[in-house]
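# Working through the structure, step by step
Read off the chains here:
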Amino acid sequence: MRRPLAFLAAALLTGALAVPTASAADGDEGFTIRDPRITESSGLAASRQHPGVYWTHNDSDDGAYLYAVDSATGETVATLTLTGVGRPRDVEAISIGPGDQIYVGDIGDNLGGTWDHVWIYQLPEPKELRDETVRATQYVVQYSDGARDAESLDVHPKTGRVYIIDKNEAGGHLYEGPAELSASGTNVFKPIAPVADLEATDAAFSPDGEQLVIRSYFGSLAYDWNGGRIKRTGRLGVPSLGQGESVTYTADGTKVMFGNEGAQSSVEPLDAPGASGGSGASGGSEGSSKSPSGDGSSASEEKEDGGFSAGTGAVAVVVACALLLGLRRLRRRD
């Protein structure tokens, strides 16, 4: 994928502003992905069959590989090689749907939204964790309103319907796929709801399908699913400032796990929206007391949500914006 200017600004702030990892009573604590092959972890999905195991993959054209990572050690315990899918172009997302079916989104577009189609791959989650070759089903995907870049793919855990959120600095849209994907024809995804003020890099359904979390490089938002008529309920802090690429709920739904890209990348938890512990979505509903940004969280809640004090958070935002503006000006001159 293209390295965003936003990431360059964030990287300069990482050391000073990193947030401590939250503890998780159910064992889903933060961990480091130690496999030297995984240098661009871009999607994350909690296993339904193997407690404490998370599926991930590299982005871009690394190949048709999935990795099962044990959160207790950070080590890869199984590598799946997919066949029947051709050569992946830009794998950006992974999700697990009903029947323990894994869906992989080869939906990125490094050309800025010019490919006339992208792909989704489907395969069963293996009952045993071992290195093996698995034949996957490949689906061709097009958007009803033209080509676009995307990094977020989600499968509703109850209905099995597949959704994609496009990636746009000004905010994108939630796209809904057909009730059932077809392997023999083109699957047209249609926009059903706007996702404002967020450049989506990943998203995740809660296990009951009632909540949706969408993340970006710098933050994340919580939504009530509301039958697809998503309703924003507040903002989640992100526990680190690396290149924020992935998010998933834990299998029990009590935590949201945030992953970063890069070698030896970290995966860190926050309490899920509505969960006890004070790390969930801030600000309650959008009608509650709001910060100047209008995201539903007050200044005092900044520290609870993201681990920042109000002062530190403000400085971070100002510095990041200044760096981003400068970098963009340099790019325009070039």
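Presented here is an overview of the structure given in this document. Note that the structure is predicted; figures quoted are calculated from it, not measured. (Residues numbered from 1 in each chain as written. Predicted model: local features only at pLDDT ≥ 70, side-chain atom pairs only at ≥ 80, totals over all residues. Heavy atoms only, no water.)

### Some remarks on the pattern of salt bridges
Within the structure shown, the criterion is met by 8 salt bridges. A salt bridge links Arg 130 to Glu 132, with the shortest nitrogen-to-oxygen separation between them at 4.0 Å. A relative accessible area of 42% places Arg 130 in the partly exposed class. In this structure, the salt-bridge partner of Arg 148 is Asp 166, at a minimum N-O distance of 3.3 Å. With a gap of 18 residues between them, Arg 148 in the loop between strand S10 (137-143) and strand S11 (150-155) and Asp 166 in strand S12 (residues 162-166) connect regions that are remote in the sequence. For Arg 148, a relative accessible area of 18% puts it in the buried group. For Asp 166, a relative accessible area of 4% puts it in the buried group. (Salt bridge = Lys/Arg side-chain N within 4 Å of Asp/Glu carboxyl O. Buried < 20%, exposed > 50% of the residue type's maximum accessible area, 1.4 Å probe, protein only. Helix = DSSP H or I, 4+ residues; strand = E, 2+ residues; numbered from the N terminus.)

### Some thoughts on empty space enclosed by the protein
Inspection of every chain in the model, using the stated rule, returns 2 cavities of 30 Å³ or more. For the largest cavity, the calculated volume is near 140 Å³. Contributing to the lining of the largest cavity are 19 residues, with Arg 48, Ser 95, Ile 96, Phe 205 and Thr 248 lying nearest its centre. Elements with a contribution of two residues or more to the lining of the largest cavity: strand S2 (41-46), strand S6 (93-97), S11, strand S15 (202-205) and strand S19 (243-249). Here the second largest cavity defines a volume of roughly 50 Å³. For the lining of the second largest cavity, a count of residues per class yields 8 nonpolar, 1 polar and no charged. (1 Å grid on protein atoms, 1.4 Å probe; cavity = no way out; pocket = protein on both sides within 12 Å on 5 of 7 lines; lining within 4 Å. Points joined across faces, edges and corners; volume = space filled by probe spheres on them. Nonpolar A, V, L, I, M, F, W, Y, C, P; charged D, E, K, R; others polar.)

### Observations regarding the sheet that holds strand S5 (residues 76-83)
On the basis of which strands lie adjacent, the open sheet formed by 5 strands has the order S2-S3-S4-S5-S9 and mixed pairing. Unpaired on one side and paired on the other, S2 and strand S9 (132-135) mark the two borders of the sheet. Looking at each pair of strands side by side, their axes are set apart by 30 degrees on average, direction ignored. (Pairing = 2+ DSSP bridges. Axes fitted to C-alpha atoms, helices over the stretch in contact; angles between N-to-C directions.)

### Considering the pairing of S19
Of all 7 residues that make up S19, 7 are buried, and the element is covered over most of its length. Bridging between S19 and strand S20 (residues 255-261) involves 6 bridges; their strand directions are antiparallel. Each bridged residue has a counterpart across the sheet, and for Ser 246 the counterpart in S20 is Gly 259. In this antiparallel pair of consecutive strands, S19 and S20, the connection spans 5 residues, and Gly 253 shows a positive phi of 80 degrees.

### Notes on the environment of Val 69
Of note, Val 69 is situated in strand S4 (residues 65-70). Accessibility expressed as a relative area gives 1% for Val 69, which makes it buried. Once residues lying within four places of it in the same chain are set aside, the contact partners of Val 69 are Phe 31, Ile 33, Ile 38, Gly 52, Val 53, Tyr 54, Thr 56, Gly 74, Glu 75 and Thr 76. (Contact = heavy atoms within 4.5 Å.)

### Description of the sheet that holds S15
Spatially, 4 strands are ordered S15-S16-S17-S18 in an open sheet, and the strand pairing comes out antiparallel. Looking at the sheet topology across the chains shown, the edges are occupied by S15 and strand S18 (231-236). In this sheet, neighbouring strand axes are inclined to one another by 20 degrees on average, regardless of whether the strands run parallel or antiparallel. Direction of pairing for S15 relative to strand S16 (residues 211-215): antiparallel, over a ladder of 4 bridges. Note on S16: the bridge partner recorded for Phe 205 is Leu 212.

### Some points on the nonpolar core
Across soluble globular proteins, nonpolar side chains show a tendency to be buried alongside one another. Counting residues in hydrophobic clusters, the biggest one holds 20 residues, and the most contacted among them are Trp 55, Leu 66, Leu 82, Ile 102, Val 104 and Leu 123. Mapped onto this core, the elements with two or more residues apiece are strand S3 (53-58), S4, S5, S6, strand S7 (101-106) and strand S8 (118-124). Tyr 103, Tyr 139, Val 155 and Phe 189 belong to the second largest nonpolar core, which has 16 residues in total. (Core = buried A, V, L, I, M, F, W, Y, C linked by side-chain atoms within 4.5 Å.)

### Here's the deal with the side chain of Asp 109
Note that Asp 109 resides in the loop between S7 and S8. Among buried Asp, Glu, Lys and Arg side chains, Asp 109 stands out as unpaired, with Arg 89 the closest opposite charge at 6.9 Å. Separated by 3.0 Å, the side chain of Asp 109 and the backbone nitrogen of Leu 111 make a polar contact. A distance of 2.7 Å separates a polar atom in the side chain of Asp 109 from the backbone nitrogen of Thr 114. Apart from the residues lying within four places of it in its own chain, the contact partners of Asp 109 are Asp 90, Thr 114, Trp 115, Arg 148 and Asp 149. (Lys, Arg positive; Asp, Glu negative; His and termini not counted. Polar contact = N/O pair within 3.5 Å; in protein donor to acceptor, adjacent residues only side chain to side chain.)

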